[in-house]
Amino acid sequence: MVEIKTDAALDAMRAAGRVVGTALEAVRAAAAPGVRLVDLDEVARTVLRETGATSPFLGYRPDFAPTPFPAVLCVSVNDAIVHGIPSTYALRDGDLVSVDCGAIVDGWAGDAAVSFTVGTPRPEDVRLMDTTRQALEAGIAAAVVGARIGDIAHAIGSIGRAAGYGIAADFGGHGIGRHMHEDPAVPNEGRPGRGLVLRHGLVIAIEPMFLAGGGDDYYPAADGWTLRTMDGSRAAHFEHTVAITNDGPRVLTLP
Ligand code: MG
Ligand code: MG
């Protein structure tokens, strides 16, 4: 069921989203060669604690998961696409890191993700990240009243395919509100003019994830959570929580 939010709810979701944006900014600032993934999780935990927010990730257990998620961040390095569990792995020069963060404030959720490199970036990683970020921006630009979910999916997918990247078909964006994952699904590839018509008050997470090698296939790592590219190529992931409004798309997860 798709839930349309009141204007007061949008403002409440902005408060949750601001915490997410702030946490991601802090994590990015802390990331460097030698820093462990668990240290990044601790940075985010501190931001959540200091802002009175809780984590929708911590203890989360969807159907596919063998264990409750043990952290407040997903940290996915290099060939990991999404859902990486922060481990004691220490970042190395040139690593491509995707960080996904959620927060709950006053019962409302925010969800956003960013990719970046630590140390000296590889040019192909810069291109991958830039393209994935552009796809997020194109998806946001398509999130206007009267358009359809398929228009967002098409905007994202056409950018990824034009660049030669793969797209993990079964993972994408989603509605969000009191729960982190609500209807509708927001795929990262699709046909324009299809799907749910966008209305003022609909809130969705838009989250392109592109696979550099061009293949769409991935596999779950031994931990049951981390999704890795089948061809071993690197992946990037950018996400914002966005409200569709009569004044245009409102990004809720900026710092
Ligand atoms: Mg997310
Ligand atoms: Mg999400």
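Everything numeric in this text was worked out from a predicted model, so none of it was measured.

## Focus on the sheet that holds strand β4 (residues 108–117)
Strand order in this open sheet of three strands is β1-β3-β4, and the pairing throughout is antiparallel. The strands lining the two open edges of the sheet, one partner per strand, are β1 (73–77) and β4. Neighbour-to-neighbour, the strand axes of the sheet open up by a mean angle of 10°, direction not taken into account. Sheet topology note: the β1/strand β3 (residues 96–105) ladder contains five bridges and is antiparallel. Note that in β3 the partner of Leu73 across the bridge is Cys101.

## Some details on the packing of aromatic side chains
Under the criterion given, the structure shown has four aromatic pairs. One aromatic cluster in this structure is built from Phe64, Phe69 and Trp225. The aromatic ring of Trp108 is capped on one face by Arg178, whose charged end is 4.1 Å from the ring centroid.

## A word on the coordination of the magnesium ion (ligand 2)
Listed as protein donors to the magnesium ion (ligand 2) are Asp111 (OD), His174 (NE2), Glu207 (OE) and Glu239 (OE); their distances from the metal cover 2.1 Å. Here the donor residues for the magnesium ion (ligand 2) map to a single chain with the spacing D-x62-H-x32-E-x31-E. A distance of 3.1 Å spans the gap from the magnesium ion (ligand 2) to the magnesium ion (ligand 1), which Asp111 bridges by coordinating each metal. Here Asp111 is found in strand β4, whereas its partner Glu207 is found in the loop between β8 (203–206) and β9 (209–211), with 96 residues between them in sequence. Overall, Asp111 belongs to the buried group, its relative accessible area being 2%.

Calculation criteria
Residues numbered from 1 in each chain as written. Chains lettered and ligands numbered in written order. Predicted model: local features only at pLDDT ≥ 70, side-chain atom pairs only at ≥ 80, totals over all residues. Heavy atoms only, no water. Pairing = 2+ DSSP bridges. Helix = DSSP H or I, 4+ residues; strand = E, 2+ residues; numbered from the N terminus. Axes fitted to C-alpha atoms, helices over the stretch in contact; angles between N-to-C directions. Phe/Tyr/Trp six-rings, centres within 6.5 Å; stacked < 30°, edge-to-face > 60°. Lys NZ or Arg CZ within 6 Å of the ring centre and 35° of its normal. Donors = N, O, S within 2.8 Å, 3.2 Å for Na, K, Ca; no water. Buried < 20%, exposed > 50% of the residue type's maximum accessible area, 1.4 Å probe, protein only.

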